[in-house]
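# Tertiary structure, described
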Amino acid sequence: MYEVRIHSRGGQGGVTAARLLALAAFRDGKYATACPFYGAERRGAPVVSFVRIDDEPIKIYSQIHEPDLVVVLDTSIMDVVDVLQGLKGDGTVLLNSAHTLEGCAATCLHVDLTGIALATDLVIAGSPILNTPVLGALAKMGVVTLPSVQQAIREMFTDERNVRAAGAAYEELKI
Amino acid sequence: MLTIATGNKAVATAVRDAKPGVVAAYPITPQTEIVEQIAEFVTAGDLVSQYIPVESEHSAMTACIGASVAGVRTFTATSSHGLLYMHEMVHWAAGARLPIVMANVNRALGPGWNTWAEHTDAFSQRDTGWLQVFVGTVQEAYDATLMAFKIAEDERVLLPVMVNLDGFSLSHIMQSLETVDPGDFLPEYHLPHAIDTENPCGYGPMTGLNDYFRFRWDIERSTRDSVGVIAEVEREFAERFGRSYGPTEEYRCEDADVIVIAMGTLGKEAEVAIDLLRSEGVKAGSMRLRWFRPFPDLDLAGRDVVVIDRGYSFGFGGVIANSVRAKTGIEPYSVIAGLGGQEVTYNDIADFVRDRRPGEEMWFGVSEDV
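Residues numbered from 1 in each chain as written. Chains lettered and ligands numbered in written order. Predicted model: local features only at pLDDT ≥ 70, side-chain atom pairs only at ≥ 80, totals over all residues.

As a further point, take the overall build of chain B. Along its length, chain B carries 11 helices and 17 strands. Radius of gyration (C-alpha) of chain B: 20 Å, near the 21 Å computed for a compact globule of 370 residues. A buried classification covers 52% of the 370 residues belonging to chain B. (Helix = DSSP H or I, 4+ residues; strand = E, 2+ residues; numbered from the N terminus. Rg over C-alpha atoms; globule rule 2.2 N^0.38 Å. Buried ≥ 20, exposed ≤ 12 C-beta atoms within 10 Å, placed from the backbone.)

Right, dumping it as structure tokens:
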């Protein structure tokens, strides 16, 4: 089983990113569950979402405590949340950032999703949309395939800029 | 069609496929997505139904009662405080023998204000005369909702059915979902005692002492008959659509020395704990209780039993633990866990089995011995 924990702030699309990832994995022929942890919902508050991907049906409903992958859509959260908590020894961190995380004990990847959203004009109510670009980065990492990502995005959104932004993140992420 | 969806979306999709003529509902977390999705189906023309956005849950159930007795299939959804606010009419729906189907997204009751999973809301409606089923997966939320209409509307039953799903842990999780074309699985709605709207007249519902008593007995008689009807409907569903259900879902129980009983998502997660325990050589099995009313007969003779209760009767004990005790005479290890959404993992469930003390009660994370 491959377990992903996504950190974001309320309104940034972390929950939708989790749902898109589960849908893409499902289109890859895997079993997947996406499960947000809702606190007292409010914009800007730290939010965490969980995705499990497996070849067998998944019966676990509780939170993920030892993820294989941690995705951080907003690095300012790292001042208040220990995003690396429980990360497996061979786990990976994917940051929405133009810079890597200095001194990170785990494998740390980074891609500027905010920059990609702005360059693709993927902005709603002044906020760059991160949930579709991040799927491109996850495809590059091999968590899901790019065709399934494109299909999943098209199932949930009609605006093709989402697909283009995912493609841009796929190109930009350096493994 | 095969897709992935949340538990809420699954319920709404089953309602679309059951084609009720009236849906009356009021939003409440974590149920809101159900009524929003149904409203979208109606707006898009995917469901031809009169959608009544009422001003309270009490009115939601009242509108369903009016429509149902006028000869129309009806649905509503609620949760927690919403369910309690309609409580008076929940009794009325059963007493008037109306086959209304309601989804209840199980949620704790305030104060303190808490929107997470707990079964107390449903347990508080225990003696209303409604049949109650608790589901454990997104697929089951869809299947059970569809079957609920057929069970409720069967003339041997004619009682309302409540489909319970855990708040957030099932209502908001995405899992795979295969929808079906119900075809003639659901016959046209027919209520033998429907009012004649073409010939309006008034009558008083005042019922004398002896007649009232007979009506109550009739509810119980139909509830007993519902056991067979539920089995019939679940068997027909399995034959037509390939997924089978029963009053309980048993997992590796055949040679088990100890059996875990739980409802909803905890009942599914228990299966992971069972695999873990089996790998350690512990002969454990799990029994997920699906039907709460009518409460099924359980075959547990000669085993240790661990009951996980997500609801409690203050001053008396775990609701399911006491039910199991009354039904079987077995003294279970009663674990009270998951109230207000408290996280309970499969590792915790495995611990309950390892540390079991039959006849005792334990509040998980609060005290070791109570």
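Below, the discussion takes up the sheet that holds strand 2 (residues 22-25) of chain B. Residue and element names in this part refer to chain B. Here we have 7 strands laid out as an open sheet, ordered 3-2-4-5-7-6-12, and mixed in their pairing. Each end of this open sheet is capped by a strand with a single partner; those strands are strand 3 (50-53) and strand 12 (291-293). Strand-to-strand twist of the sheet, defined as the mean angle between neighbouring strand axes without regard to direction, takes the value 20°. Bridging between strand 5 (residues 101-106) and strand 7 (residues 161-166) involves 6 bridges; their strand directions are parallel. By the bridge assignment for strand 7, Asn104 is matched with Asn164. Of the strands in this sheet, strand 2, strand 3, strand 4 (74-78) and strand 5 touch helix 2 (residues 32-44), which is tilted by about 140° from strand 3. This element, helix 7 (residues 138-153), spans strand 5, strand 6 (131-134) and strand 7 of the sheet and lies at about 170° to strand 7. (Pairing = 2+ DSSP bridges. Axes fitted to C-alpha atoms, helices over the stretch in contact; angles between N-to-C directions. Contact = placed C-beta atoms within 7 Å.)

A separate point is the interface of chain B and chain A. Interface size is often expressed as the accessible area that is lost when the parts come together. Across the boundary between the two partners, chain B contributes 17 residues, which contact 16 residues of chain A. The biggest single contributor to the side of chain B that touches chain A is helix 9 (residues 264-279) of chain B, with 5 residues. Among the residues forming the side of chain B that touches chain A, the class breakdown is 7 nonpolar, 6 polar and 4 charged. (Nonpolar A, V, L, I, M, F, W, Y, C, P; charged D, E, K, R; others polar.)

The next thing to look at is the sheet that holds strand 13 (residues 304-309) of chain B. All names here are of chain B. Within the open sheet, the 6 strands sit side by side as 9-11-10-13-16-17. Their pairing is mixed. Across the chains shown, the open sheet's two edge strands, defined by having one partner strand only, are strand 9 (248-251) and strand 17 (361-363). Sheet twist, expressed as the mean angle between neighbouring strand axes with direction ignored, is 20°. Examined bridge by bridge, strand 10 (residues 258-262) and strand 13 share 4 bridges and lie parallel to one another. Considered in strand 13, the bridge of Val258 is made with Asp304.

Mean pLDDT over chain B: 97, with 99% of residues reaching 70 or higher. The secondary-structure element of chain B with the lowest mean pLDDT is strand 1 (residues 2-6) of chain B, recorded at 92, while strand 7 of chain B shows the highest, at 99. (pLDDT = per-residue confidence, 0-100.)

What follows is about the pairing of strand 3 (residues 46-54) of chain A. Residues and elements named next belong to chain A. Taking burial as the measure, the 9 residues of strand 3 include 7 buried ones, the bulk of the element. As judged from the 8 bridges shared by strand 1 (residues 2-9) and strand 3, these two strands associate in the antiparallel manner. Bridge assignment links Arg9 to a residue of strand 3, and that residue is Pro46. Note: strand 2 (residues 31-37) against strand 3, 7 bridges, orientation antiparallel. Bridge pairing links Pro36 to Ser49 in strand 3.

For the rest of this paragraph, the subject is the pairing of strand 3 of chain B. Residue and element names in this part refer to chain B. Pairing of strand 2 with strand 3 involves 4 bridges; the strand directions are parallel. Bridge assignment links Val23 to a residue of strand 3, and that residue is Tyr51. You can see the chain leave strand 2, run along helix 2 and come back into strand 3, and the turn it takes is right-handed. (Right-handed = clockwise from strand over helix to strand, strands pointing away.)

Moving on, we come to the nonpolar core. If you look at the biggest cluster of nonpolar residues, it comprises 174 residues, and the most contacted ones within it are A:Leu21, A:Ala22, A:Leu135, A:Ala169, B:Val163 and B:Val260. For B:Val163, the residues in contact, after removing those within four places along its chain, are B:Val11, B:Val101, B:Ala103, B:Val133, B:Val135, B:Ala144, B:Thr145 and B:Ala148. (Core = buried A, V, L, I, M, F, W, Y, C linked by C-beta atoms within 7 Å.)

For the rest of this paragraph, the subject is the packing of helix 1 (residues 7-18) of chain B against helix 7 of chain B. Residue and element names in this part refer to chain B. Taken N-terminus to C-terminus, the directions of helix 1 and helix 7 make an angle of 30°; their axes are 8 Å apart at the nearest point. As far as their axial angle goes, helix 7 and helix 1 are roughly parallel. Seen from above, helix 1 lies across helix 7 with right-handed handedness. On the side of helix 1, the interface is formed by Gly7, Ala10, Val11, Thr13, Ala14, Val15, Asp17 and Ala18, while helix 7 contributes Val138, Ala141, Tyr142, Thr145, Leu146 and Phe149. The residue makeup of the contact of helix 1 with helix 7, split by class, is 10 nonpolar, 3 polar and 1 charged. (Parallel < 35°, antiparallel > 145°, perpendicular 65-115°, else oblique. Left-handed = near helix turned anticlockwise from the far one by under 90°.)

With that settled, the discussion passes to helix 9 of chain B. All names here are of chain B. The end-to-end C-alpha distance of helix 9 is 24 Å, a good match for the 22 Å that 16 residues give at a rise of 1.5 Å each. Residues of helix 9 that are buried: Gly264, Thr265, Leu266, Gly267, Lys268, Glu269, Ala270, Glu271, Val272, Ala273, Ile274 and Leu277. Phi turns positive, to about 90°, at Gly281, one or two residues after helix 9. (Expected span 1.5 Å × (residues − 1).)

Here we take up the packing of helix 3 (residues 133-140) of chain A against helix 4 (residues 146-156) of chain A. Residues and elements named next belong to chain A. Relative to each other, helix 3 and helix 4 sit at 160°, their axes nearing to 9 Å. With respect to helix 4, the element helix 3 is oriented roughly antiparallel. Remark: the crossing between helix 3 and helix 4 carries right-handed chirality. Contact residues: helix 3 offers Leu135, Gly136 and Ala139, while helix 4 offers Leu146, Val149 and Ile153. Its residues placed into classes, the contact of helix 3 with helix 4 shows 5 nonpolar, 1 polar and no charged.

To continue, consider the environment of A:Thr100. Residue and element names in this part refer to chain A. Mapping Thr100 onto the fold places it in the loop between strand 5 (92-96) and strand 6 (107-111). Residue classification places Thr100 among the partly exposed residues on the basis of 13 C-beta atoms within 10 Å. Once the C-alpha coordinates of Thr100 and Gly39 are considered, the two residues, 61 residues apart in sequence, prove to be 29 Å apart. Residue contacts for Thr100: discarding those within four places in its chain leaves Cys108 and His110.

This part takes up helix 5 (residues 161-172) of chain A. Under the 1.5 Å per step criterion, the end-to-end length of helix 5 of chain A is 16 Å for 12 residues, consistent within 8% with the ideal 16 Å. Buried-residue contacts for helix 5 of chain A involve strand 6, helix 2 (113-119), helix 3 and helix 4 of chain A.

All names here are of chain B. Along its sequence, chain B is carved into domain 1 (2-177 + 208-241) and domain 2 (249-363). When each unit is reduced to the centre of its C-alpha atoms, the spacing between domain 1 and domain 2 is 26 Å. Listed by partner, the interface residues are 25 residues for domain 1 and 19 residues for domain 2. Secondary-structure elements contributing two or more residues to the side of domain 1 that touches domain 2 are helix 6 (120-123), strand 6 and helix 8 (209-241). Tallied by class, the residues present in the side of domain 1 that touches domain 2 amount to 12 nonpolar, 10 polar and 3 charged. (Domains from an automatic or database assignment.)

The next thing to look at is the environment of B:Glu40. Examined against the element boundaries, B:Glu40 turns out to sit in helix 2. In sequence terms B:Glu40 and B:Ala12 are 28 residues apart; their C-alpha atoms lie 9.9 Å from each other.

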